[in-house]
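One letter stands for each residue in the lines below.
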Amino acid sequence: DCDFRRSAKQYYFGYSDREGLTSLLAMKVFLDAVVIRNRIPNLDLIPAGLYHENPSELLSGDKLTLLIAHLKKTYRFILLDCPPVLPVLDAAILTAHVDTVLMVAKHRSTRKNELDAAVQKIQKISQKEICGVLNNVSELRTFGNKTSKYYAAYGSAYGTSRRSPNGTGESAAEEPGGKDAKKAS
């Protein structure tokens, strides 16, 4: 967890404020003292740790580079969670340590111009691949008079719409097998 300013992982993963990455990078503790293991299968976590007065300076030092090199010998994937890109430099600094940037945006909350600015900020600093995740998207979608999780998974993939070409609001999706499909007995 590289979000030293407003980390909330302790609430999601069930640990209290404790020594973490800040202490590790400040050389106050050893790695084994901060890694949280076995809370979730196949997931180890290094919490952000206690407050540090200059997070950007801590993240830009050589110690993080050495730590990630060490962790790559043990772990197949390493995710660095960081604060939002626009308000602080931390995320931009961390791009030097990653192979791919995973940009997360909140559905119906993140503004397009903010997302564009965040992507441009990362692109100015790094030529890393940027992928996206849109979170807080409802699973349910309405097609005509039916609401279904099944259709929601396929609707956008096949270009279906909640509005038909004639604008009546009729669904462009059909039941599996079409209108004339016979029921199996």
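The coordinates are above.
Residues numbered from 1 in each chain as written. Predicted model: local features only at pLDDT ≥ 70, side-chain atom pairs only at ≥ 80, totals over all residues. Heavy atoms only, no water.

Caption draft 1: The overall build of the chain, seen in detail. Scanning the chain for helices and strands turns up 8 helices and 6 strands. Taken from the N to the C terminus, the helices and strands of the chain come in the order α-α-α-β-β-α-α-α-β-α-β-β-β-α. Relative to its full complement of 185 residues, the chain shows a buried share of 29%. Counted over contacts in the chain with a minimum sequence separation of 6, partners at least 24 positions apart contribute 61%. As presented, the chain carries roughly 13,400 Å² of accessible surface, and 51% of it is formed by carbon and sulfur atoms. (Helix = DSSP H or I, 4+ residues; strand = E, 2+ residues; numbered from the N terminus. Buried < 20%, exposed > 50% of the residue type's maximum accessible area, 1.4 Å probe, protein only. Contact = heavy atoms within 4.5 Å. Areas by Shrake-Rupley, 256 points an atom, 1.4 Å probe, with all protein chains shown as cover.)

Caption draft 2: Main features of the environment of Val 98. Along the chain, Val 98 turns up in the loop between α6 (90-94) and β3 (100-106). Sequence separation between Val 98 and Ile 68 is 30 residues, and the spatial gap between their C-alpha atoms is 9.3 Å.

Caption draft 3: Fine view of the pattern of salt bridges. Enumeration over the complete set of coordinates arrives at 4 salt bridges. In this structure, the salt-bridge partner of Arg 37 is Asp 44, at a minimum N-O distance of 3.7 Å. Look at Asp 44 and you get partly exposed, because its relative accessible area is 29%. Asp 116 is paired through a salt bridge with Lys 112; the nearest N and O atoms lie 3.0 Å apart. In this pair, Asp 116 and Lys 112 are both assigned in helix α7 (residues 112-125), 4 residues apart and thus about one turn of the helix distant. Judged by its relative accessible area of 34%, Asp 116 is partly exposed. Given a relative accessible area of 62%, Lys 112 falls into the exposed group. (Salt bridge = Lys/Arg side-chain N within 4 Å of Asp/Glu carboxyl O.)

Caption draft 4: Main features of the nonpolar core. Residues Phe 4, Leu 21, Leu 25, Leu 31, Ile 46, Leu 64 and Leu 67 are the most contacted members of the largest nonpolar core, which totals 17 residues. If you list the elements that add at least two residues to this core, you get α2 (21-25), α3 (31-34), α4 (55-60) and α5 (62-72). Ignoring anything within four residues of it in the chain, the contact list for Leu 21 reads Asp 1, Cys 2, Phe 4, Ile 46, Pro 47, Ala 48, Gly 49 and Leu 67. Counting 7 residues, the second-largest nonpolar core is a separate cluster that includes Val 85, Ala 91, Ala 118 and Ile 122. (Core = buried A, V, L, I, M, F, W, Y, C linked by side-chain atoms within 4.5 Å.)

Caption draft 5: View of the environment of Leu 58. Along the chain, the position of Leu 58 falls in helix α4. Judged by relative accessible area, which is 12%, Leu 58 ranks as buried. With 32 residues separating them in the primary sequence, Leu 58 and Ala 26 have C-alpha atoms 7.6 Å apart. Ignoring any residue separated from it by four or fewer positions in sequence, one finds Leu 58 in contact with Phe 4, Thr 22, Leu 25, Ala 26 and His 52.

Caption draft 6: Structural view of α5. For α5, the full list of buried residues reads Leu 64, Leu 67, Ile 68 and Leu 71. Projected down its long axis, α5 shows its buried positions confined to an angular sector of 95°, all on one face. Those residues of α5 that are exposed and aimed more than 90 degrees away from the buried face are Asp 62 and Leu 66. Structurally, α5 contributes buried residues whose contacts are with α2, α3, α4 and α6. (Arc of directions from axis to C-beta.)

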